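Now for the letters of each chain:
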2 protein chains.
Amino acid sequence: MAKRKQKDIKLTVDLFKIFSDYTRLRIIALLITGEFCVQEISDHLKTSQSATSHQLRMLRDLNVVKTRKEGKLVYYSLLDHHIKELYLIGYSHANEC
Amino acid sequence: MAKRKQKDIKLTVDLFKIFSDYTRLRIIALLITGEFCVQEISDHLKTSQSATSHQLRMLRDLNVVKTRKEGKLVYYSLLDHHIKELYLIGYSHANEC
DNA sequence: TTATAATATGAGTCAATGCTCATATGTCAC
DNA sequence: GTGACATATGAGCATTGACTCATATTATAA
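Numbering of residues starts from 1 in each chain and follows the order in which that chain's sequence is written. Ligands are numbered from 1 and chains lettered from A, in the order in which they are written. In keeping with the model being predicted, local features are shown solely for residues with a pLDDT of at least 70 and side-chain atom pairs are shown and tallied solely at 80 or more, while totals for entire chains, interfaces and linings include all residues. Side-chain metrics rest on all non-hydrogen atoms present in the structure, leaving aside hydrogens and water.

## Topic: the pattern of salt bridges
Counted as salt bridges are all cases of a side-chain nitrogen of Lys or Arg within 4 Å of a carboxyl oxygen of Asp or Glu. Throughout the structure, instances matching the rule amount to eight salt bridges over all chains. Between Arg57 of chain B and Asp61 of chain B there is a salt bridge whose closest N-O contact spans 3.2 Å. Taken together, the residues span about one helical turn, with Arg57 of chain B and Asp61 of chain B both in helix α4 (residues 49-61) at a distance of four residues. An identical accessibility class is assigned to Arg57 of chain B and Asp61 of chain B; each is exposed. The structure contains a network of salt bridges with shared partners spanning Glu35, Arg68 and Glu70 of chain A. Put simply, DSSP H or I for four residues or longer makes a helix, DSSP E for two residues or longer makes a strand, and each gets a number counted from the N terminus. Relative accessibility under 20% of the residue-type maximum defines a buried residue, over 50% an exposed one, and the middle range a partly exposed one, all with a 1.4 Å probe and only protein chains included.

Right under this line is the structure:
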């Protein structure tokens, strides 16, 4: 296999990995509907503050989400339109279009 | 979050997980181009026979691929058109459309 | 039947990863 | 300043997952 193709496939794997965890995918599904602070996300997912924050950190490092500070609160929202599109396509494929 | 939605998201996670391993994704990328036996796949990926076979087993259990026996050889091919479509979309998103 | 080739599989190992727990940091109100 | 709240983060732990190694199975050929 050509080196070029290998690298492209690695990038593709990395993209799909973003979506391959239940907590992360629920965060993404929620952020598609708008901007939310950590508490709201954590409450909505019924996941601990810490676990939520760790995943948000990861999504931020991966340039999937961006943040906006407002006092004590930190609001998260989707950064990349690819994420929303791929999520919706994957969702519809998984649930029989 | 509604139970229904939770289940749908779990299904979506499971779908994305199929694509979230380098070896598996290369197998899928290859099988998009046709039908191949284990040896051919293993050679092409430069991955051991055993590792290849384990991943093929997994893909088979997940109904991603089907097999056809011809003497000693077992030919694998894609079973589900969703897989090809989602792979190609993910690939193009990952590599900047 | 025996040998050889192709594939499958079980056990064990190791690395990756997502969690919890405790604590740190940051911001506001008093 | 102190206290209360929101968020972040590091360490440790448990689980998952992909690999290797050895061996089993299956099929053909001699």
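## Re the protein's contact with DNA strand C
Residue proximity to a molecule or strand is established when one non-hydrogen atom of the residue lies within 4 Å of it. The local shell around DNA strand C holds 24 residues, among which Thr23, Ser48 and Ser50 of chain A together with Arg57 and Tyr76 of chain B are the closest. Counted as a polar contact is a pair of N or O atoms within 3.5 Å, where, for protein atoms, one must be capable of donating a hydrogen and the other of accepting one, and residues adjacent in sequence contribute only when both atoms are in side chains. Taking Arg57 of chain B, its side chain carries an N or O atom lying 2.8 Å from a phosphate oxygen of DNA strand C. Elements represented by at least two residues in the surface near DNA strand C include exactly α2 (22-31) and α4 (49-61) of chain A together with α3 (38-45), α4 and β3 (73-78) of chain B.

## As for the packing of α2 of chain A against α4 of chain A
The axes of two packed helices give the description: the angle between them and the distance between them. Residue and element names in this part refer to chain A. Look at α2 against α4: their axes get within 10 Å of each other, and the N-to-C directions meet at 75°. As the angle between them shows, α2 and α4 are arranged roughly perpendicular. Across the interface between the two elements, Thr23, Arg24, Ile27 and Ile28 from α2 touch Thr52, Gln55, Leu56, Met58 and Leu59 from α4. Note that Gly is not counted as nonpolar here; it falls among the polar residues with everything else outside the nonpolar set of Ala, Val, Leu, Ile, Met, Phe, Trp, Tyr, Cys and Pro and the charged set of Asp, Glu, Lys and Arg. Across the contact of α2 with α4, the residue classes tally to five nonpolar, three polar and one charged. Angles run from 0 to 180 degrees between N-to-C directions of axes, and those axes are lines fitted to C-alpha atoms, restricted for helices to the stretch in contact. The labels follow the angle: roughly parallel below 35 degrees, roughly antiparallel above 145, roughly perpendicular from 65 to 115, and oblique for the rest. Residue contacts follow a heavy-atom distance rule, with two residues in contact if any of their heavy atoms lie within 4.5 Å.

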